[in-house]
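Chain and residue survey
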Amino acid sequence: MSQRTERRGIHVDQSELLCKKGCGYYGNAAWQGLCSKCWREEYQRARQKQIQDDWALAEKLQREEEAAYASIQGAQSTPPQAQPGQASLGPFSKFEEKKTNEKMRKVTTVKKFFSPSSRTAPKKAPSEREEKSLRDWRGIFTPSWEMGSPTEALVARLREAQEGKTPSPSISRQSSMETDRVSRDFVDFLKNLQKPGREIHKQCRAFIESMGNKKDLGADELSECVQDFYQNMSDRLMSHFKGSSESVERVMDQVEKYIMTRLYKSVFCPETTDDEKKDLATQNRIRALHWVTIEMLCVSMEEEIPEVSDNVVKAITDVIEMDSKRVPRDKLACITRCSKHIFSAIKITKNEPASADDFLPALIYIVLKANPPRLQSNIQYITRFCNPSRLMTGEDGYYFTNLCCAVAFIEKLDAQSLNLSPEEFERYMSGQASPRRNDSEGGWPQTAQALGGTTTTTNHVLTELHHNLELLSGLSSRQEKLMEAAQSLQSDLVSWQENVQHEVQGILEKYPLEIRPPAASAIDADNVENDRLPPPLTPQVFAG
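What counts, and where the lines are drawn
Residues numbered from 1 in each chain as written. Predicted model: local features only at pLDDT ≥ 70, side-chain atom pairs only at ≥ 80, totals over all residues. Heavy atoms only, no water. Helix = DSSP H or I, 4+ residues; strand = E, 2+ residues; numbered from the N terminus. Buried < 20%, exposed > 50% of the residue type's maximum accessible area, 1.4 Å probe, protein only. Areas by Shrake-Rupley, 256 points an atom, 1.4 Å probe, with all protein chains shown as cover. Contact = heavy atoms within 4.5 Å. Arc of directions from axis to C-beta. Axes fitted to C-alpha atoms, helices over the stretch in contact; angles between N-to-C directions. Parallel < 35°, antiparallel > 145°, perpendicular 65-115°, else oblique. Nonpolar A, V, L, I, M, F, W, Y, C, P; charged D, E, K, R; others polar. Salt bridge = Lys/Arg side-chain N within 4 Å of Asp/Glu carboxyl O. Phe/Tyr/Trp six-rings, centres within 6.5 Å; stacked < 30°, edge-to-face > 60°. pLDDT = per-residue confidence, 0-100. Patch = residues over 30% accessible without salt bridge, like charges linked within 9 Å, V, L, I, M, F, W, Y side chains within 5 Å. Left-handed = near helix turned anticlockwise from the far one by under 90°. Disulfide = S-S within 2.5 Å. Core = buried A, V, L, I, M, F, W, Y, C linked by side-chain atoms within 4.5 Å. Expected span 1.5 Å × (residues − 1).

Description of the overall build of the protein chain
Within the protein chain one finds 18 helices and zero strands. Out of the 544 residues in the protein chain, the part that is buried amounts to 34%. Carbon together with sulfur atoms contributes 54% to the accessible area of the protein chain, which is approximately 34,500 Å² in total.

In structure tokens:
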């Protein structure tokens, strides 16, 4: 057996998808193989250590400043022995006061620089007029807590106008309509919870306003704030619903939808990260791998089967549609639907349920064919702001973990992964050669051999081309039949109209219409109650 036919495929042990800490939850490449729970613990420990190191450095700098100041003061504290010593004390006192103020200013600046709270830039306080305007708008549109959503949208627009932001009118209008719709749905959902619903709405609004003042924070700090809010809200709901996880999950889904729809513009692909550069690098990488065929990845799918081809198209559509969603849960739903279409395609091809070893190569193939927009940004957005319980367990977490593995595999794809020689891989990457031109040399399994064992060889592209031509010819014949049926129907309608006119004319000739003049009648001829009237009075003659 040749080396090319002994293909090992792409295999990932299921244990590699789990957290490296051994907690049993799904890990993530963005979290260095840890689950969200273990990653948060590691992140908080590293952050606490960084804060301690910053304070230690600040104290060290403070001691160095004090020592430098003491040495300068000691060198200048011995003035020349002159008689008018009292006159020289005035300028020296001013010099000492100036040095003291300068020292305190430097120490305070160093402390502020290394303080965690200094990362948030102080926000400019609104003027009296702006505050009065906002209060007036709130008074007009918020008679009760149910009317909070239009006010929040209005206040957000006023703030954007004050900050000088001028987004595109169409994009702003679309996002505003979606935000208002989500806010109304959230309020309608909370009305069923009565008093807890009001508290939840109040906490969510306060959190959104607080996040508006943290735009200068990094992506990790923003993620930490959102995850802390999720955790605190989940703990409160768990105590309220007395351990009913289904009720808590239902409420948390609505909270996540409302929060992330409102914060999407400020937390998706923030300027403090390099997500955009990663998106471009991944997109260029996938474009450079356009030559990778389904046989190279050992994907168990036959796209010549119409049902399989339909599932492949649906999977590509779902993974591309992920970028149009705002809520992390909705993005995960797109990934889940894409994965289910892949499993369906494999099941139809193999006539048996697909395994995990069949799924990952197929997912890699779908990602290569789709080249989803802003793939890295979407993965990071889900990782940072999704409810952690969804990523740790369940089918959503499993499919998302596989997608992260597929992206990592594409970034590290080499000749050995595709069972190619380094020279062949370089020629394909540089565009000097294409594997589709070398199929006749026996490099990859031939479609004609698989179908009938004939000697005629053709590659996958030609097979798909012939299949498409057959479909077009079938459509052409169906169109001809449809046109013939339409013409026949048109002739039938014309003949039916002529027959109807002929029959109507015959009836009119057989039974001509006669218009008779109306007969004269008495004034009270129409009175049907004449017979009931008494006889007329007879005149009588009386003798005088």
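Now that the structure has been shown, the text picks up again.
Description of the environment of Cys225
Inspection of the secondary structure assignment puts Cys225 in helix H7 (residues 219-240). Cys225 sits in the buried class, given a relative accessible area of 18%. With residues near it in sequence (within four places) discarded, Cys225 still touches Phe207, Met211, Lys214 and Leu217.

Things to note about helix H16 (residues 422-430)
Among the residues of H16, those classed as buried are Glu424, Phe425 and Tyr428. What you see down the axis of H16 is that its buried residues fit within an arc of 100°, all on one side. Exposed side chains of H16 directed beyond 90 degrees from the buried face belong to Pro422 and Glu423.

With respect to the side chain of Asp318
In this fold, Asp318 is placed in helix H10 (residues 306-321). Excluding residues within four positions of it along the chain, Asp318 makes contact with Cys334, Arg337, Cys338 and His341.

Description of the packing of helix H11 (residues 328-350) against helix H15 (residues 394-411)
Relative orientation of the contacting elements H11 and H15 amounts to 80°, with a least axis distance of 9 Å. As far as their axial angle goes, H15 and H11 are roughly perpendicular. Across the interface between the two elements, Leu332, Ile335, Thr336, Ser339, Lys340 and Phe343 of H11 pack against Glu395, Asp396, Tyr399, Phe400 and Leu403 of H15. When the residues that make up the contact of H11 with H15 are grouped by side-chain class, the tally is six nonpolar, two polar and three charged.

Notes on the pattern of salt bridges
Taken as a whole and assessed by the stated rule, the structure comprises 15 salt bridges. Salt-bridge contacts for Arg390 lead to Asp253; the nearest nitrogen and oxygen are separated by 3.0 Å. Taken together, the residues Arg390 in helix H14 (residues 388-392) and Asp253 in helix H8 (residues 245-267) connect sequence positions 137 residues apart. Taken individually, Arg390 and Asp253 each receive the classification buried, so the pair is uniform in this respect. Its salt-bridge partner being Glu303, residue Lys369 comes within 3.4 Å of it at the nearest N-O pair. Remark: Glu303 occurs in the loop between helix H9 (275-288) and H10 and Lys369 occurs in helix H12 (residues 356-370); sequence separation between them is 66 residues. If you follow the salt bridges from partner to partner, you end up with Asp318, Glu321, Lys325 and Arg337 in one network.

Remarks on the packing of aromatic side chains
The tally for this structure, following the rule as stated, stands at 13 aromatic pairs. Note on Phe268 and Tyr381: the rings are 5.3 Å apart at their centroids and 70° apart in plane angle, and the pair reads as edge-to-face. With Phe268 in the loop between H8 and H9 and Tyr381 in helix H13 (residues 375-385), the pair connects residues that are 113 residues apart, well separated along the chain. By relative accessible area, which is 7% here, Phe268 ends up buried. Among the aromatic side chains, those forming a connected cluster through ring pairs are Tyr264, Phe268, Tyr381 and Phe385.

With respect to the confidence of the model for the protein chain
When pLDDT is averaged along the protein chain, the result is 76; 66% of the residues meet or exceed 70. Below a pLDDT of 50 lies the segment residues 132-156, which in the model reaches 29 contacts outside its immediate sequence neighbourhood of four places, other chains included. Here residues 160-166 is a poorly scored stretch, pLDDT under 50, and it has seven contacts once near neighbours within four places are set aside; other chains count.

Describing a nonpolar patch on the surface
Among the surface-exposed residues, Leu462, Leu465, Leu469, Leu472 and Leu475 lie close enough to one another that they form a single nonpolar patch of about 450 Å² accessible area. Considering the arrangement of structural elements, one finds Leu465 in helix H18 (residues 460-510). A relative accessible area of 42% places Leu465 in the partly exposed class.

Focus on the packing of H11 against H12
In contact at an axis separation of 10 Å, H11 and H12 are set at 115° when each is read in the N-to-C sense. The chirality of how H11 crosses H12 is right-handed. Counting all contacts with H11, which are made through Cys338, Ser339, Ile342, Phe343, Ile346 and Lys350, the residues of H12 involved are Asp358, Phe359, Ala362, Leu363 and Ile366. Its residues assigned to classes, the contact of H11 with H12 shows eight nonpolar, one polar and two charged.

Observations regarding the state of the cysteines
Enumeration over the complete set of coordinates arrives at zero disulfides. Of the cysteine sulfurs around Cys404, a residue in no disulfide, the closest is that of Cys405, at 7.0 Å. Cys404 gets classed as buried once you look at its relative accessible area, which sits at 7%.

As for the nonpolar core
Within the largest apolar cluster, 54 residues are counted, with the highest numbers of intra-cluster contacts made by Trp291, Val292, Leu297, Met301, Ile342 and Leu418. Mapped by element, the contributors of at least two residues to this core are H10, H11, H12, H13, H15 and H16. The leading source of residues in this core is H12, at ten residues. Filtering out sequence-adjacent residues up to four positions away, Val292 remains in contact with Leu297, Leu368, Leu413 and Leu418. Counting residues in each nonpolar core, the second largest holds 31 residues, with Phe207, Leu217, Met252 and Tyr381 among its members.

Thoughts on H7
The end-to-end C-alpha separation of H7 is 32 Å, in line with the 32 Å expected for 22 residues at 1.5 Å each. Inspection of H7 places Ala219, Glu221, Leu222, Ser223, Glu224, Cys225, Val226, Gln227, Phe229, Tyr230, Met233 and Leu237 among the buried residues, and these make up the whole buried set. Looking one or two places after H7, you find Lys242, whose phi comes out positive at around 55°.

Description of the environment of Lys277
Inspection of the secondary structure assignment puts Lys277 in helix H9. For the pair Lys277 and Gln376, spaced 99 residues apart in sequence, the C-alpha to C-alpha distance is 9.2 Å.

Brief notes about unusual backbone geometry
Of note, the phi angle at Cys298 is positive, near 55°, even though the residue is not glycine. With respect to the element layout, Cys298 can be found in the loop between H9 and H10. For Arg374, which is not glycine, the phi torsion reads 50° and is therefore positive. Assignment of secondary structure puts Arg374 in the loop between H12 and H13.

Topic: the environment of Ile335
Residue placement: Ile335 occurs in helix H11. Classification of Ile335 as buried rests on a relative accessible area of 5%. Discounting chain neighbours no more than four positions away, the residues touching Ile335 are Met322, Ile382, Tyr399, Phe400 and Leu403.

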